Amino acid sequence: MFNSQLMLDSLPLLAQASTVTIKLTVFAGILSVVLGTLSAMAQLSGQAPLKWLSRAYVSLMRGTPLFVQLLVVFLTLPMIKIDNAAFEAAVIAIGLNSGAYVTEIVRGAIMAVPRGHVEAADAVGLSKFTISRKIVLPQALKTCLPALTAEMTIVLKSTPLASVISVTELTYTGVLIQSRAFTAIEIFLPIAMGYILIAQILLRLSRYFEARLSLRS
Amino acid sequence: MDWLAPFQNMPALLGGLVTTIWITIAATICSLCGAMLIILADQARLRWLRQLVRVYIEAILGIPILVLLYIVYFVLPDLGVKLGEIPSGVLTLTLYYSPYMAEVLRGALGSITTGQRDAGRMIGLSDFDILRRITVPQSIGIALPGLTGLMIGLAKDTAILSVISVQEFTYETKLVVSRTYAPFEVWTVVAATYWVLLTCLEQLTRLGEYRLNRFREMR
């Protein structure tokens, strides 16, 4: 009943598709960390308009399904004359969505930086920008790394949604093979293992960075 | 721009919304039951059962929900289990969210000190009474924020069920969009509806949280 030949035959295709999944994860992850950090800094900046903008963004992203956000981004891009951009739409939607969660993570980490450090830097005469770059963010990064890793695995686990706008990543490739072969377990078993494997790699990478960061201090 | 389109198709959209709401409720109840089963199984004496549960939890933490949905919907029929679209959807959500809810419940139950349970036993309460009168009333206020977060996540994930043509809110929306050619307007109204409902749910439980934790302030 278990067709192991089919499984072996589909492995190269699946391996190729998983590079698309990894690319999606990396690009969306970078976008989400950049957006989340900016939005967290906006929330702590003390400027009312920036604060409200960031709050609205977080609330909107957390209050609607990623599935809907994905379709909205995908349908809006052609309106600003960007066509055939399914992959880009997926990166933007997943990045925007995850950025809201990263905002909360980074905000917590920034607030955990002792107030005295900022005051000391201020007293020494460092500019606001230098204080952020040299004092606050490096320390915040160390605190929020475990939570960020968890968020990145969530990003990885949301990439299959890109299949609904026909990005041929790992899951969609599986669906395509499955619809021709009329059998599922031989396809979805390796796919599930693939995701677990990629998540493990992510975890190891983050452990490595964590170890390096704590060595430096 | 055709802002009338979403409102002219209200009946179809509302029908989908109702399906979304009751799938959310059903799956939340099932996940809570699943979470309790997981906690019970974790305390069982059978070693293989504990290990089985651990493997299941690890697998769920690593697998995307869409892949799980495809496994339930495509693989189970090959193994002789034939489910309809909605039961497949509810089963997927239950399988996916039970371990997370178990984690929240375990944390909340663990936050009640053993001294309180010992005291209950000292004055002669049965195990069930200790659970009902001491452990659960105190831990429910602690578990509520986590459970609400998960329930909101679950409500949002019901949108994914549209890929196996469960006729919920997102699925109906896609149909309406293909009929009206007004994707932007319809999706905006639908997204706003999701946002309003989920934000209300969050605020409501915040009220409940306050009530349930009120006894703590009185110390």
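Residues numbered from 1 in each chain as written. Chains lettered and ligands numbered in written order. Predicted model: local features only at pLDDT ≥ 70, side-chain atom pairs only at ≥ 80, totals over all residues.

Asks: If you had to explain the overall build of chain A to someone new, which residues and values would you point to?
Replies: The helix and strand tally for chain A stands at eight helices and zero strands. Mapped in sequence order, the helices and strands of chain A form the string α-α-α-α-α-α-α-α. The C-alpha extent of chain A, read off along each of the three principal axes, is 70 × 45 × 25 Å. With 217 residues in all, chain A has 41% of them scored as buried. A separation threshold of at least 6 residues defines the contact pool for chain A, and within that pool the share at least 24 residues apart is 77%. (Helix = DSSP H or I, 4+ residues; strand = E, 2+ residues; numbered from the N terminus. Buried ≥ 20, exposed ≤ 12 C-beta atoms within 10 Å, placed from the backbone. Contact = placed C-beta atoms within 7 Å.)

Asks: Go over the overall build of chain B with me, naming the residues and quoting the values.
Replies: Regarding its fold elements, chain B presents 10 helices and zero strands. Secondary structure elements in chain B, listed N-terminal to C-terminal, are α-α-α-α-α-α-α-α-α-α. Judged by the C-alpha coordinates and their principal axes, chain B covers about 70 × 50 × 25 Å. Put simply, chain B has 219 residues, and 33% of those count as buried. By sequence separation, contacts in chain B at least 24 residues apart represent 76% of the contacts at least 6 residues apart.

Asks: Break down the packing of helix 8 (residues 169-180) of chain B against helix 9 (residues 183-212) of chain B for me, with residues and values.
Replies: Residues and elements named next belong to chain B. Where helix 8 meets helix 9, the axes come as close as 9 Å, and the angle between the chain directions of the two elements is 155 degrees. Taken together, the axis directions place helix 8 and helix 9 in an arrangement best described as roughly antiparallel. For helix 8 against helix 9, the interelement crossing comes out right-handed. Listed contacts from helix 9 to Phe169, Thr173, Val176, Val177 and Thr180 of helix 8 are Pro183, Val186, Trp187 and Val190. Here the residues of the contact of helix 8 with helix 9 sort into seven nonpolar, two polar and no charged. (Axes fitted to C-alpha atoms, helices over the stretch in contact; angles between N-to-C directions. Parallel < 35°, antiparallel > 145°, perpendicular 65-115°, else oblique. Left-handed = near helix turned anticlockwise from the far one by under 90°. Nonpolar A, V, L, I, M, F, W, Y, C, P; charged D, E, K, R; others polar.)

Asks: Which residues make up the nonpolar core, and what are the values?
Replies: Counting residues in each nonpolar core, the largest one holds 101 residues, and the members touching the most others are A:Leu70, A:Ala90, A:Phe188, B:Val67, B:Leu68 and B:Tyr70. Ranked by residues supplied to this core, first place goes to helix 4 (residues 86-111) of chain A with 14 residues. Setting aside residues up to four positions removed in sequence, A:Ala90 forms contacts with A:Leu24, A:Leu70, A:Ala162, A:Ile165 and A:Val167. (Core = buried A, V, L, I, M, F, W, Y, C linked by C-beta atoms within 7 Å.)

Asks: Explain the confidence of the model for chain A to me, and be specific about the residues and the numbers.
Replies: In this model, chain A carries a mean pLDDT of 90, and residues with pLDDT of at least 70 account for 98%. Helix 8 (residues 185-216) of chain A is the least confidently modelled element of chain A, averaging 88 in pLDDT, while helix 4 of chain A averages 95, the highest of any element. (pLDDT = per-residue confidence, 0-100.)

Asks: Explain the packing of helix 2 (residues 48-63) of chain A against helix 9 of chain B residue by residue, including any values.
Replies: Two elements in contact, helix 2 of chain A and helix 9 of chain B, have axes separated by 8 Å at closest approach and are oriented at 95 degrees. On the basis of their axis angle, the class for helix 2 of chain A and helix 9 of chain B is roughly perpendicular. Contacts from A:Ser59, A:Leu60 and A:Gly63 of helix 2 of chain A reach helix 9 of chain B at B:Tyr194, B:Trp195, B:Leu198 and B:Thr199. Counted by class, the contact of helix 2 of chain A with helix 9 of chain B contains four nonpolar, three polar and no charged residues.

Asks: Summarise the interface of chain B and chain A; cite the residues concerned and give the values.
Replies: The extent of an interface is frequently quoted as the accessible surface area lost upon association of the parts. The interface of chain B with chain A comprises 24 residues on the first partner and 29 residues on the second. It is helix 9 of chain B that contributes the most residues to the side of chain B that touches chain A, nine residues altogether.

Asks: Break down helix 9 of chain B for me, with residues and values.
Replies: When the terminal C-alpha atoms of helix 9 of chain B are compared, their 43 Å separation across 30 residues agrees well with the 44 Å that a helix rising 1.5 Å per residue should span. Listing the buried residues of helix 9 of chain B in full gives B:Pro183, B:Val186, B:Trp187, B:Val190, B:Tyr194 and B:Leu198. (Expected span 1.5 Å × (residues − 1).)

Asks: Can you tell me about the environment of B:Thr193, naming the residues and giving the values?
Replies: Residues and elements named next belong to chain B. Inspection of the secondary structure puts Thr193 in helix 9. Its 19 C-beta neighbours within 10 Å are what place Thr193 among the partly exposed residues. In this structure the C-alpha to C-alpha distance between Thr193 and Asp42, which are 151 residues apart in sequence, comes to 40 Å.

Asks: I'd love a proper account of helix 2 (residues 10-42) of chain B, names of residues and values included.
Replies: Residue and element names in this part refer to chain B. A rise of 1.5 Å per residue sets the reference length of helix 2, with its 33 residues, at 48 Å; its end C-alpha atoms lie 47 Å apart and thus fit the reference within 8%. Of the residues making up helix 2, those classed as buried are Leu13, Gly16, Thr19, Thr20, Ile23, Thr24, Ala27, Ser31, Ala35 and Ile38. Buried residues along helix 2 sit in contact with helix 1 (5-8), helix 3 (47-62), helix 5 (85-110), helix 7 (127-157), helix 8 and helix 9.

Asks: Could you give an account of the environment of A:Glu186, with specific residues and numbers?
Replies: All names here are of chain A. By the secondary structure assignment, Glu186 is in helix 8. Through-space distance from the C-alpha of Glu186 to that of Ile82 is 38 Å; in sequence the pair is 104 residues apart. Residues within four places of Glu186 in sequence aside, it is in contact with Phe2, Asn3, Leu6 and Met7.

Asks: Let's hear about the confidence of the model for chain B: which residues, and what values?
Replies: Looking at chain B as a whole, its pLDDT mean stands at 90, while 99% of the residues score no less than 70. For this predicted complex, the interface confidence comes out at an ipTM of 0.87, alongside a pTM of 0.88.

Asks: Go over unusual backbone geometry with me, naming the residues and quoting the values.
Replies: The residue A:Ser166 is not glycine, and still its phi comes out positive at about 50 degrees. Tracing the backbone through its elements, the reader meets A:Ser166 in the loop between helix 6 (128-158) and helix 7 (170-181).

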